[in-house]
Amino acid sequence: MTLGSMISKARIDARLSIEDLSASTNIRPQLLRDIESNNFLTCGGDTYARGHIRNIAQRLGVDPQIFLTIFEDEQMHVDRSMQDMLVETNAMRQPEEV
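Just so we're clear, the structure is a prediction, and the values are computed from it rather than from any experiment. (Residues numbered from 1 in each chain as written. Predicted model: local features only at pLDDT ≥ 70, side-chain atom pairs only at ≥ 80, totals over all residues. Heavy atoms only, no water.)

*Asks:* Account for the side chain of His 52, with residues named and values stated.
*Replies:* Mapped onto the elements of the fold, His 52 is located in helix 4 (residues 46–60). The exposure class assigned to His 52 is buried, which follows from its relative accessible area of 17%. Once residues within four sequence positions are removed from consideration, His 52 is found in contact with Ile 27, Leu 31, Ile 35 and Cys 43. (Helix = DSSP H or I, 4+ residues; strand = E, 2+ residues; numbered from the N terminus. Buried < 20%, exposed > 50% of the residue type's maximum accessible area, 1.4 Å probe, protein only. Contact = heavy atoms within 4.5 Å.)

The following block contains the structure:
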């Protein structure tokens, strides 16, 4: 079961429509539909996605950490090399080309 389907099931079990959840979380209905479809690209980044997930979980009476752990397992993958990340965080200089 994916995070989106878990959120959808929890919302339905709580007898809330998308519009009800939107009104109580201040998250746009279309964004909630995207989240329930496992499309987190429209959230505005991972930090915003986590905030929305936390907000949704609290409103649905679910421990936010459960949803956040699933989000990280499903969505958080690193496409950059360790060297690129070290350069990005200024822990290492960009290697010189020879």
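*Asks:* Residues and numbers for unusual backbone geometry, please.
*Replies:* In this model, Asn 26 sits at a positive phi of 60°, which is unusual for a non-glycine residue. Along the polypeptide, Asn 26 turns up in the loop between helix 2 (18–25) and helix 3 (29–36). The class for Asn 26 is exposed, based on a relative accessible area of 73%. Even without being a glycine, Asn 38 presents a positive backbone phi close to 65°. Following the sequence through the fold, Asn 38 ends up in the loop between helix 3 and helix 4.

*Asks:* Now, about the nonpolar core: what can you tell me, with residues and values included?
*Replies:* If you look at the biggest cluster of nonpolar residues, it comprises 21 residues, and the most contacted ones within it are Leu 3, Phe 40 and Ile 56. Contributions of two or more residues to this core are made by helix 1 (3–13), helix 2, helix 3, helix 4 and helix 5 (64–75). Examining the composition of this core, we find that five residues originate from one element, helix 4, more than from any other. Leaving out residues up to four positions away in the same chain, Phe 40 has contacts with Leu 3, Ile 35, Ala 49, Ile 53, Phe 71 and Gln 75. (Core = buried A, V, L, I, M, F, W, Y, C linked by side-chain atoms within 4.5 Å.)

*Asks:* Explain the pattern of salt bridges residue by residue, including any values.
*Replies:* Scanning the entire structure with this criterion turns up four salt bridges. A salt bridge links Lys 9 to Asp 13, with the nearest nitrogen and oxygen atoms 2.7 Å apart. Within this pair, Lys 9 and its partner Asp 13 are both found in helix 1, separated by four residues, close to a single helical turn. Taking relative accessible area as the criterion, Lys 9 reaches 42% and is therefore assigned partly exposed. Measuring nitrogen to oxygen at the nearest pair gives 3.1 Å for the salt bridge that ties Arg 33 to Glu 19. Within this pair, whereas Arg 33 is found in helix 3, its partner Glu 19 is found in helix 2, the two being separated by 14 residues in sequence. Residue Arg 33 is classed as partly exposed on the basis of its relative accessible area, which comes to 35%. (Salt bridge = Lys/Arg side-chain N within 4 Å of Asp/Glu carboxyl O.)

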